[in-house]
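# Structural features, examined
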Amino acid sequence: MRVLSTRPEDFEMPMEGFGTWITPVDKFFVRSHHYTPDVKLRDWKLSVVGKVATPLVWTLDELKKLPRVELVSVLECAGNGRGLYTPSMAGLQWKYGAVGNARWAGVRLLDVLRKAGRQPGAVEVMFDGADVAIGAQPEFQRSIPLKKALDPNTILAYEMNGEPLDPSHGFPLRLVVPGWAGDSWVKWVMKIEVRDTEFDGFFMKTAYRIPTRPVLPGSAVDPAQMTPVTSLSIKSLLAKLSGAAWSHAAPVVAVEVSTDAGRTWKPATLGSDRAPFAWRLWEFPWTPPADAYYTVLVRARNALGETQPLQPEWNPSGYSHNAVQSVRLHVTANPPSGAPLPAPSNAVRPAALEQSCLTCHSMEPIEQQRLTRAQWEREVEKMQRWGAKVRPELKEVLVDFLANHYGVRPVR
Ligand SMILES: Nc1nc2c(c(=O)[nH]1)N[C@H]1C(S)=C(S)[C@@H](COP(=O)(O)O)O[C@H]1N2
Ligand SMILES: [Mo]
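Residue indices follow the written sequence of each chain, beginning from 1 at its first position. Working convention: letters from A go to chains and numbers from 1 go to ligands, in the order in which they are written. Since the coordinates come from a predicted model, pLDDT governs what is reported: local features require at least 70, and pairs of side-chain atoms require 80 or more to be given and counted, while whole-chain, interface and lining totals use all residues. Only hydrogens and water are set aside when side-chain values are computed; all heavy atoms of the structure are taken into account.

By the convention used here, strands pair only if DSSP detects at least 2 bridges between them. Numbering of helices and strands runs from the N terminus; a helix is a DSSP stretch of H or I covering at least four residues, while a strand is a stretch of E covering at least two. Taken in spatial order, the three strands line up as β1-β2-β3 in an open sheet, and their pairing is antiparallel. Of all the strands in the sheet, the pair left with one neighbour each is β1 (2–5) and β3 (30–31).

What follows is the structure in structure tokens.
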């Protein structure tokens, strides 16, 4: 796994993960805003409250008496590909692997909500997990519209790939929202609240929003001009002239490959494993006609005729990346011996960094950023709001260090 953060846990699937239809749990990406809670089944209960006719409390055994449903679905983080945007923005720098395809089993959310009944005026359903916010960061609570909650494909899953959920993936119960980005797939669910007003917590009103229209790259956009990330986009990725392609509810119908930088496109062969919300493997047998330098592109199309953009449309938080992937291949009989690894950063860390920054999380989330001085200043201020203690006279030193060592990427 590519470790983006050890604590909280943020792990990216390696590229070989695109070679199997079902992603094994030990290769499945993990995205957790807070530390993984240690949920003990004997203490765990699910409560269903709010605008319901009868508030209910369930144990897992009681839930398991409802009809069991199973489905295979892609789970992709809205931030998958954030690390590919220019200009770069603050956030975990996911490249390709914040996505996986698993077999989920559990009960329909619809069946649970039916048992509790509804009061008139219900519009959405909010989910709260057992994880506790780090510092003063807001709790991870998310809502989905009632219509999506009543979709028979929306499930409360207690199993992933035939096993009880792993603690990192939400043991004992998580929400599965096929076709929607991962931020709606609340883990460690303990409370479900039926609401007659829109939930306005941080992770709905500030985070996980994208502009309703394309915006000037690098600009700040008022959250009021943005809308929550919901549906996934059509997307395909290449790993060894084979890979995986996925979409939202509409199935992938074709994957095309260009080995000449987009001049001509040829169909790839789609794998036989398929399910409505799953990804589709593809392969493209190809023998390079000559030793040369090739630019290989891959794009998918779904049943609605949607395909992928050549360039990503930038947005402030780096969500929904689905641009056509481009891989440069140097085909040669005499490959150079492995490129030297970049020298490890021997930056001397100012004491202020240890004291102010490394108490809640490790260095990894910091050193993967490529931000301007102004962006670093805003990032340090965000951390202060979330509880970081920064001595006023040392703030400058800290921001200088961050901007000097983790500044913007050189233009390619
Ligand atoms: N309670 C809780 N649920 C959560 C999160 C979280 O931090 N806390 N992260 C969400 C995000 S942003 C994603 S992409 C998915 C990731 O699920 P995974 O870790 O099982 O891959 O879980 C979602 N559910
Ligand atoms: Mo996510």
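And the narrative resumes.
Its location among the elements puts Asp222 in the loop between β14 (209–211) and β15 (226–228). Between the alpha carbons of Asp222 and Val186 there is a distance of 26 Å; along the sequence they are 36 residues apart.

What follows concerns the site of ligand 1. Around ligand 1 sit 20 residues, and of these Phe29, Asp131, His169, Arg174 and Lys187 come closest. In the environment of ligand 1, an oxygen atom lies 2.8 Å from a nitrogen or oxygen atom belonging to the backbone of His33. Accessibility throughout is a Shrake-Rupley quantity obtained with a 1.4 Å probe, and a residue counts as covered only by protein chains that appear here. Contact with the protein chains hides 100% of the accessible area of ligand 1, taken as 530 Å² for the molecule alone. Looking at the shell around ligand 1 residue by residue, the class counts come to ten nonpolar, five polar and five charged. When at least one non-hydrogen atom of a residue lies within 4 Å of a molecule or strand, that residue is treated as near it. We define a polar contact as two N or O atoms separated by no more than 3.5 Å, with the added condition that, inside protein, one atom must be a possible hydrogen donor and the other a possible acceptor, whereas residues neighbouring each other in sequence contribute only through side-chain atom pairs. Side-chain classes follow a simple rule in which Ala, Val, Leu, Ile, Met, Phe, Trp, Tyr, Cys and Pro form the nonpolar group, Asp, Glu, Lys and Arg form the charged group, and the remainder, Gly included, forms the polar group.

All right, on to the nonpolar core then. In this structure, Leu63, Trp104, Ile192 and Trp279 are the most contacted members of the largest nonpolar core, which totals 72 residues. Side-chain atoms within 4.5 Å are what join buried Ala, Val, Leu, Ile, Met, Phe, Trp, Tyr and Cys residues into a set we call a nonpolar core. Throughout this description, buried means an accessible area under 20% of the type-specific maximum (1.4 Å probe, protein chains only), exposed means over 50%, and partly exposed covers the range between. Membership of the second largest hydrophobic core comes to 15 residues, among which are Trp376, Val380, Val399 and Phe401.

Taken in spatial order, the four strands of this open sheet run β19-β18-β22-β23, and their pairing is antiparallel. This sheet does not close on itself; its edge strands, each paired only once, are β19 (266–267) and β23 (325–330). Of the strand pairs in this sheet, strand β18 (residues 252–258) and strand β22 (residues 293–302) are connected by six bridges, and their pairing is antiparallel. Looking across to β22, one finds that Val252 is bridged to Asn302.

This part covers the state of the cysteines. In what follows, a disulfide is any cysteine sulfur pair within 2.5 Å. Considering all chains together, one arrives at zero disulfides under this definition. Its sulfur unpaired, Cys357 is 9.5 Å from the next cysteine sulfur, which belongs to Cys360.

Pairing of aromatic side chains here covers Phe, Tyr and the six-membered ring of Trp, requires ring centres within 6.5 Å, and sorts the geometry by plane angle: under 30 degrees stacked, over 60 edge-to-face, intermediate tilted. On inspection of all chains with the given rule, the structure shows 14 aromatic pairs. Taking 6.4 Å as the distance between ring centres and 35 degrees as the angle between the ring planes, the aromatic pair formed by Phe203 and Tyr208 counts as tilted. Tyr208 matches Phe203 in its accessibility class, with the two residues each being buried. By way of ring pairs, the aromatic residues Phe140, Phe202, Phe203, Tyr208, Tyr319 and Trp386 are connected into one cluster. Of note, Arg7 hangs over the ring of Tyr35, and the distance from its end group to the ring centre comes to 4.1 Å. Ring-over charges, as used throughout, are those where CZ of Arg or NZ of Lys falls within 6 Å of the ring centre and within 35 degrees of the ring normal.

Each domain's extent is set by a domain assignment, obtained either automatically or from a database. Domain parsing of the protein yields domain 1 (2–228), domain 2 (235–331) and domain 3 (351–405). Placing the centre of domain 2 and that of domain 3 at their C-alpha centroids yields a distance of 38 Å.

Turning next to the pattern of salt bridges. Any two side chains of opposite charge can pair if their charged atoms end up close together. The rule for a salt bridge is simple: a side-chain nitrogen of Lys or Arg has to be within 4 Å of a carboxyl oxygen of Asp or Glu. Summed over the entire model, instances satisfying the criterion amount to 20 salt bridges. The partner of Glu393 in a salt bridge is Arg391, and the shortest N-O contact between them spans 3.0 Å. Among the ionic contacts, a cluster of salt bridges with common partners joins Arg68, Glu70, Arg103 and Glu159.

In terms of residue burial, helix α2 (residues 109–116) counts as a mostly covered element, since six of its eight residues are buried. For α2, the full list of buried residues reads Leu109, Leu110, Asp111, Val112, Leu113 and Ala116.

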